[in-house]
Amino acid sequence: MTEKTPTPPNRQDPHVDPADDTDEPAFDWMKPAGAGAGTAATAKEPAPAGKSIPDAGKDQPAASAGTPARQGGTPARQSGASPAVASQAAASQTVASPAAASRAGMPRAAASPQAESRADRKAAEAAVEPGAPEPQGRGTHFREPLPTSALQIRPPQDEVERRNAEREHAANTKPVLPRVMQVLLAAFYPLILLVLAVRAVTSPLFLWVEYNRPGFPGDGYGFSTDDRMTYGSYAVDYLSNWSGPRYLGELVNRSGDPLFQEGEVSHMADVKLVILSTFAGGALLILLAIIAIIYLRRRSTGGVRRGLFAGSIVTLVIILGLGTLAALGWQQFFTEFHRIFFASGTWTFALEDTLIRLFPGQFWVDAGIVIGALVLIASVVTLVLTWPTRKRRGIAKDSTPKDAVAKDGTKDGTKDDAAAV
């Protein structure tokens, strides 16, 4: 075939409509023979409006009923179109998609596979009425409401208020364990200070300061300051070591006589039991206080400060109360103290006994004053360091005037509506 070859007499003009589906053949002569014949017959005898084409029904099994009419712009509906273009438009109208054929009640196999196009599927889906069940065909899809569509529905007002109340209650409610730790820290603090103060008094350093201070009464039975320091150090060491009663029972004075009588050794054994029990309890309280401090530092902001602040107040109350009782009647206070820890008759001695000569009444008065002073100083320092100032509580200075704050706690009388969502 060359350029001078004549054109075949039955050759149709190519269909160049860009609005049509690209899946259909570009040229009518490329279609099957049956389709071409039907197209030619349709082009020669155009059917009236509203009636089907009988020739097309013979040559083409697909029906035009149910095929959505195309919008304006097709060459077949324009005036003055060429016969070839009109025949192509008529052929495109007589071929129906499988979806349209199924809705028209025709068998699916009668529809031409070439006539199915994206435009036909879109037109068929648009023709389905809203709310009607879509037929399960090749061009349809199952639709269901999105799972997030319920989020756009606002719950009732009482439900919103209930949720807001629960959220506010959960925000204001504090855990129980941090509060328990704060209470334990406040209760342990005065006892720990008291044990540490007793440990400071039962030491050779306090003994040396007491024997060498001006005004301390001397021994009327011959003990010098060095004798008192030597013998008194044995007694103090015995209270803090693990030796038995023989530690004091085998001591002798310069004349070779036993330094301590049997009753004195027995009383010192009782004192040692009380002192060691006190030190063991104080060590346990210190360990528990450290655990509480570590826990509060990790779980409760400002919990350590609040616990120590409350503990310092409790300590001040206790030490001031005991100090008042001791000042009003020292002898009565000293007697009642011994009755609590020791059996009656085991802690009274004569003036010439070694314990009275080493530790006269003034020694116990000074020891009580030192214990009270140490505890008082430690509690006051703790109170000052843990005083709940605005900076320690983490509250910044509010420059808003008080008149601008409404009764409901909001500024300028406005409420925050974000919590109602």
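Below or above, wherever it landed, is the structure these notes cover. (Residues numbered from 1 in each chain as written. Predicted model: local features only at pLDDT ≥ 70, side-chain atom pairs only at ≥ 80, totals over all residues. Heavy atoms only, no water.)

### Remarks on a nonpolar patch on the surface
Next up, step 1: Taken together, Val176, Leu177, Val180 and Leu184 make up a surface patch of nonpolar side chains, about 330 Å² in accessible area.
Next up, step 2: Here leucine 177 is to be found in helix H7 (residues 176-201). (Patch = residues over 30% accessible without salt bridge, like charges linked within 9 Å, V, L, I, M, F, W, Y side chains within 5 Å. Areas by Shrake-Rupley, 256 points an atom, 1.4 Å probe, with all protein chains shown as cover. Salt bridge = Lys/Arg side-chain N within 4 Å of Asp/Glu carboxyl O. Helix = DSSP H or I, 4+ residues; strand = E, 2+ residues; numbered from the N terminus.)

### What to know about the nonpolar core
Next up, step 1: Leu207, Tyr211, Leu248, Phe260, Met268, Leu358 and Phe359 are the most contacted members of the largest nonpolar core, which has 47 residues in total.
Next up, step 2: Among the secondary structure elements, those contributing two or more residues to this core are H7, helix H8 (204-212), helix H9 (225-240), helix H11 (262-299), helix H12 (303-328), helix H14 (354-358) and helix H15 (361-385).
Next up, step 3: Leucine 358 has contacts with Tyr211, Phe223, Arg228, Tyr231, Gly232 and Phe260, leaving out every residue within four places of it along the chain. (Core = buried A, V, L, I, M, F, W, Y, C linked by side-chain atoms within 4.5 Å. Buried < 20%, exposed > 50% of the residue type's maximum accessible area, 1.4 Å probe, protein only. Contact = heavy atoms within 4.5 Å.)

### Some details on the pattern of salt bridges
Next up, step 1: Applying the stated rule across the entire model yields nine salt bridges.
Next up, step 2: We note a salt bridge from glutamate 159 to arginine 163, for which the minimum N-O separation is 3.1 Å. In this pair, glutamate 159 and arginine 163 are both assigned in helix H6 (residues 157-172), four residues apart and thus about one turn of the helix distant.
Next up, step 3: Take arginine 163: its relative accessible area is 42%, and that puts it in the partly exposed class.
Next up, step 4: Taking the shortest distance from any N to any O, the salt bridge between glutamate 166 and arginine 162 comes out at 2.7 Å. Within this pair, glutamate 166 and its partner arginine 162 are both found in helix H6, separated by four residues, close to a single helical turn.

### Here we look at the packing of aromatic side chains
Next up, step 1: Per the stated rule, a full pass over the model turns up 13 aromatic pairs.
Next up, step 2: Pairing tyrosine 238 with tyrosine 247 gives two aromatic rings, centres 6.1 Å apart and planes at 15 degrees, and the pair type is stacked.
Next up, step 3: What makes tyrosine 247 partly exposed here is its relative accessible area of 27%.
Next up, step 4: On the numbers, 5.1 Å between centres and 55 degrees between planes, the contact of phenylalanine 359 with phenylalanine 363 is tilted. Comparing phenylalanine 359 with phenylalanine 363, the two get one shared label, buried.
Next up, step 5: Pairwise contacts between aromatic rings join Phe206, Trp330, Phe333, Phe334, Phe359, Phe363 and Trp364 into one cluster.
Next up, step 6: One residue, lysine 272, lies across the ring of tyrosine 238, its end atom 4.3 Å from the ring centre. (Phe/Tyr/Trp six-rings, centres within 6.5 Å; stacked < 30°, edge-to-face > 60°. Lys NZ or Arg CZ within 6 Å of the ring centre and 35° of its normal.)

None of this, on its own, says anything about what the molecule does.
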